[in-house]
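# An overview of the molecular structure
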Amino acid sequence: MTRNKTISDEAVLDALLSLILTIGPDNLTFAKAAGACGLAAATLVQRYGDRQGLVRSILLRSWDRLDAETTAADAELPVSVDSAVDLLMRLMPPELADRNASDGLLLLREDVRDPVLRARGARWARQIVEALGRRLSTEPQEAQRLGWQMACLWQGAHTWWAFTQAEPFETAMRRVLEDWCRSVVPVRSAN
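All of these numbers come straight from a predicted model, not from anything done at the bench. (Residues numbered from 1 in each chain as written. Predicted model: local features only at pLDDT ≥ 70, side-chain atom pairs only at ≥ 80, totals over all residues. Heavy atoms only, no water.)

### Comments concerning helix α8 (residues 140-164)
Helix length check: α8 (25 residues) gives 36 Å between terminal C-alpha atoms against 36 Å at 1.5 Å per residue, within 8%. Restricting attention to buried positions, one finds in α8 the residues Ala143, Leu146, Gly147, Met150, Ala151, Trp154, Ala157, His158 and Trp161. Against α5 (81-91), α6 (97-113), α7 (115-136) and α9 (169-184) lie the buried residues of α8. Looking at where α8 begins, the residue whose side-chain oxygen comes 3.1 Å from the main-chain nitrogen of glutamine 141 is glutamate 139. (Helix = DSSP H or I, 4+ residues; strand = E, 2+ residues; numbered from the N terminus. Expected span 1.5 Å × (residues − 1). Buried < 20%, exposed > 50% of the residue type's maximum accessible area, 1.4 Å probe, protein only. Contact = heavy atoms within 4.5 Å. Polar contact = N/O pair within 3.5 Å; in protein donor to acceptor, adjacent residues only side chain to side chain.)

### Considerations on the confidence of the model for the chain
Chain-level statistics for the chain give a pLDDT mean of 89 and a share of 94% at 70 or above. Averaged pLDDT values over the elements of the chain bottom out at 77 in α6 and peak at 96 in α7. (pLDDT = per-residue confidence, 0-100.)

### Structural notes on the environment of arginine 61
Following the sequence through the fold, arginine 61 ends up in helix α4 (residues 51-76). Between the C-alpha atoms of arginine 61 and aspartate 14, which are 47 residues apart in sequence, the distance is 7.5 Å. Apart from residues no more than four positions distant in its own chain, arginine 61 is found in contact with Glu10, Leu13 and Asp14. A distance of 2.9 Å separates polar atoms of two side chains, one belonging to arginine 61 and the other to aspartate 14.

### Notes on the packing of α4 against α6
Direction vectors running N to C along α4 and α6 enclose 105°, while the axes themselves pass 11 Å from each other. Between α4 and α6, the angle falls in the class roughly perpendicular. Packed against α4, whose contacting residues are Gln52, Val55, Leu59 and Trp63, the element α6 presents Leu107, Glu110 and Asp111 at the interface. (Axes fitted to C-alpha atoms, helices over the stretch in contact; angles between N-to-C directions. Parallel < 35°, antiparallel > 145°, perpendicular 65-115°, else oblique.)

### Focus on the state of the cysteines
Tallied over the entire structure, the rule returns zero disulfides. Cysteine cysteine 152 shares no disulfide, and the gap to the nearest cysteine sulfur, in cysteine 181, comes to 14 Å. Since its relative accessible area comes to 51%, cysteine 152 is described here as exposed. On the basis of relative accessible area, cysteine 181 is assigned to the buried category, the value being 5%. (Disulfide = S-S within 2.5 Å.)

### Describing the nonpolar core
Leu44, Leu132, Leu136 and Met150 are the most contacted members of the largest nonpolar core, which totals 52 residues. In this structure leucine 44 touches Val12, Phe30, Ala33, Ala34, Cys37, Leu39 and Gly49, once residues within four positions along its chain are discounted. (Core = buried A, V, L, I, M, F, W, Y, C linked by side-chain atoms within 4.5 Å.)

Structure representation (structure tokens):
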């Protein structure tokens, strides 16, 4: 007879995401994971198989959460150039900017190495590019081009901000993104 799960997979994986952001994926062990989530190491092995399966599950859960946040922001924000900036700022709150720039790179390395995670990241990239593009142009090819450009600028600006931190994150990001929008996005007529 199987036992009921007393701690959901989502709760376990959310607790373990916090752990690997702190210690890095390479330092994750079943013993450390057990201490962080409240389940026995043997239970974690039963649920996730090996260490790589555990890391993959944690990061897939993280992608699921990002997808949900992106979908919610996309649905709630108006379709306008200004809201393209707001969408990106909502997905990267200032209080997490430093952590995302440093500890997040360790997770990104895992996402790029693992073909399942890489495909998951590519799927989200298409989602964010579509959400941005729809706000930047009504012409499909131009929307895709501008959406990719803005997404790349956003990620690059975040990385460079992490090096300099010359001004508060929100100030720096809004300035860069708004300047880019003014320079490349045609002004829409008020029809």
